[in-house]
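Chain by chain, the residues:
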Amino acid sequence: MVTRMVELCRDSLTEEQLMEAAALLRAGELVAFPTETVYGLGGNALDPGASAKIYAAKGRPSDNPLIVHIADTAALPVLARDIPESAMLLAKRFWPGPMTLILKKQDIVPKETTGGLDTVAIRMPSDPIAAMLIRVSGLYIAAPSANASGRPSTTKAQHVYEDLNGRIPMILDGGSSAIGLESTIIDLTGEKPMILRPGYISIEDVKEILPDVLYDPAVLKRERNDTIVAKAPGMKYRHYAPKGELTIFEGALSDVVEAVRAHALEKVNQGCCVAILASEETKDSYEGYNVYSVGDREDEAGIAARLFDTLREFDRMGADYIFGECFNTEGVGQAVMNRLVKAAGYHIETV
Ligand code: AMP
Ligand code: MG
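In this report, we go over the structure that sits alongside the text. What you see is a predicted model, and the numbers here were worked out from it, not measured in a lab.

**Quick notes on the overall build of the protein chain**
When its secondary structure is counted, the protein chain shows 10 helices and 17 strands. Over its C-alpha trace the protein chain gives a radius of gyration of 20 Å, about what one expects of a compact globule, namely 20 Å for 351 residues. With respect to the three principal axes, the spread of C-alpha positions in the protein chain is 60 × 50 × 35 Å. Of all 351 residues assigned to the protein chain, the portion counted as buried reaches 57%.

**Observations concerning the pattern of salt bridges**
Evaluated as defined, the whole model comprises 19 salt bridges. Residue Arg 10 pairs with Asp 127 through a salt bridge whose shortest N-O separation is 2.6 Å. Of this pair, Arg 10 sits in the loop between strand 1 (4-7) and helix 1 (15-26) while Asp 127 is found in the loop between strand 7 (119-123) and helix 5 (128-137), placing the two residues 117 residues apart along the sequence. Judged by its relative accessible area of 27%, Arg 10 is partly exposed. The shortest N-O distance in the salt bridge between Arg 316 and Glu 313 comes to 2.5 Å. Taken together, the residues span about one helical turn, with Arg 316 and Glu 313 both in helix 9 (residues 300-317) at a distance of 3 residues. Note on Arg 316: relative accessible area 41%, which makes it partly exposed. Among the residues examined, Glu 313 registers a relative accessible area of 25% and is labelled partly exposed. Because the salt bridges share partners, they merge into one network encompassing Arg 151, Lys 156, Glu 162, Asp 163, Asp 309, Arg 312, Glu 313, Asp 315 and Arg 316.

**Topic: the site of ligand 1**
Around ligand 1 sit 21 residues, and of these Thr 119, Pro 144, Ser 145, Arg 197 and Gly 234 come closest. With respect to ligand 1, the side chain of Arg 60 contributes an N or O atom lying 3.3 Å from an oxygen atom. Contact distances for ligand 1 include 3.0 Å between an oxygen atom and a side-chain N or O atom of Asn 64. Isolated, ligand 1 exposes 490 Å² of accessible area, and the fraction of that covered by the protein chains is 96%. In a pocket analysis with a 2 Å cut-off to the grid points, ligand 1 is assigned to the largest pocket. Looking at the shell around ligand 1 element by element, the count peaks at 3 residues for strand 7.

**Quick notes on a negative patch on the surface**
Taken together, Glu 281, Asp 296, Glu 298 and Asp 299 make up a surface patch of like negative charges. Along the chain, Asp 299 turns up in the loop between strand 15 (290-293) and helix 9.

**Comments concerning unusual backbone geometry**
Following Trp 95, the chain continues to Pro 96 via a peptide bond in cis, the omega torsion being -5 degrees. Even without a glycine there, the phi angle at Asp 82 is positive, about 50 degrees. Inspection of the secondary structure assignment puts Asp 82 in the loop between strand 5 (80-81) and helix 4 (85-94).

**With respect to the layout of surface pockets**
Considered as a void within the structure, the largest pocket measures approximately 510 Å³ in volume. Arg 60, Pro 65, Ile 67, Ile 185 and Arg 197 are the residues nearest the centre of the largest pocket, which is lined by 35 residues in total. Breaking the lining of the largest pocket down by element, the ones donating at least two residues are strand 4 (67-69), strand 6 (99-105), strand 7, strand 10 (184-187) and strand 11 (194-197). For the lining of the largest pocket, the class distribution of residues is 17 nonpolar, 12 polar and 6 charged. Estimated volume of the second largest pocket: approximately 380 Å³. Forming the boundary of the second largest pocket are 21 residues, of which Lys 221, Met 235, Lys 236, Lys 342 and Tyr 346 lie nearest the centre. Top contributing element to the lining of the second largest pocket by residue count: helix 10 (residues 333-343), with 3 residues. Broken down by class, the residue content of the lining of the second largest pocket amounts to 10 nonpolar, 4 polar and 7 charged.

About the criteria used
Residues numbered from 1 in each chain as written. Chains lettered and ligands numbered in written order. Predicted model: local features only at pLDDT ≥ 70, side-chain atom pairs only at ≥ 80, totals over all residues. Heavy atoms only, no water. Helix = DSSP H or I, 4+ residues; strand = E, 2+ residues; numbered from the N terminus. Rg over C-alpha atoms; globule rule 2.2 N^0.38 Å. Buried < 20%, exposed > 50% of the residue type's maximum accessible area, 1.4 Å probe, protein only. Salt bridge = Lys/Arg side-chain N within 4 Å of Asp/Glu carboxyl O. Near = heavy atom within 4 Å. Polar contact = N/O pair within 3.5 Å; in protein donor to acceptor, adjacent residues only side chain to side chain. Areas by Shrake-Rupley, 256 points an atom, 1.4 Å probe, with all protein chains shown as cover. 1 Å grid on protein atoms, 1.4 Å probe; cavity = no way out; pocket = protein on both sides within 12 Å on 5 of 7 lines; lining within 4 Å. Sits in = over half its atoms within 2 Å of the grid points. Patch = residues over 30% accessible without salt bridge, like charges linked within 9 Å, V, L, I, M, F, W, Y side chains within 5 Å. Lys, Arg positive; Asp, Glu negative; His and termini not counted. Charge placed at Lys NZ, Arg CZ, Asp CG, Glu CD. Points joined across faces, edges and corners; volume = space filled by probe spheres on them. Nonpolar A, V, L, I, M, F, W, Y, C, P; charged D, E, K, R; others polar.

Set out below in structure tokens:
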């Protein structure tokens, strides 16, 4: 299959430009498109065949459910039942935006889309290309991150091309995703609201609406511990990982820098290709190494936006070993560290 890249500009976007993509989706085909979180691999959410194609294109395990993207809250009762008041309050505050709600599903949503579950994940994206594509197609669009399963999520059309070229007919190129990390997932089907995946919308933001919201314990996990199983099926898999072995170091910053340098030197002396995941504050301390700064340590949103691209950079340069720093867990920093810890396969050393 030939994969076509279609360049779009958000400021001069027209419905005509999305007609072909919408027609592909209506015909049961897949189209990758930008959202404000990451690029999504879209298919008709109510068509089991389209969902099957998504799993096949990504190499995604079939028990890992897809998020259904909508353009209007009127879609909620069509897709979900027994919708609690809390869902409407959250929707009013955070949609369109980087928040996904887990609700009980209506029969119309096929089990192929929900990974066999009786619940459905729903999000209304704010990116104008995503929103217009949903409207023009007249569909609800199932769209997981548009990466090959296990690899870092895609924040640029080029990343999607790297992973899915030849497997899908079209990629809509809208430049870099503004946020760069996947949505905050909030489960509203249990006794208490629970964050299954941290994202740009922090637990503090959610508490303003739902003061009793909790984290799924798996979110805060810092070590490999098989007794704590994530409630979001996708969060239990090895994920976001570069091909090289990533180790991150936690502690006072000067001790972290020293440890990173020592480990890097040891591997370089063994003839390995080594990369360092650093920040603006520390990058000059690693002179002579392949250093990648993800930004200012105080700028969690900036780090979030660059993280996945940087993880992919390690693959492009062929790193065998990557040594990196830990970051603050304030606000979106919690989501950054959640992804980084998983990318490192829980390989964290305290110094
Ligand atoms: P992605 O689209 O790649 O961001 O992955 C979607 C995430 O949402 C995965 O971690 C899924 O496990 C999670 N998810 C989707 N639907 C559900 C659901 N019904 N219950 C719990 N988690 C879900
Ligand atoms: Mg994903």
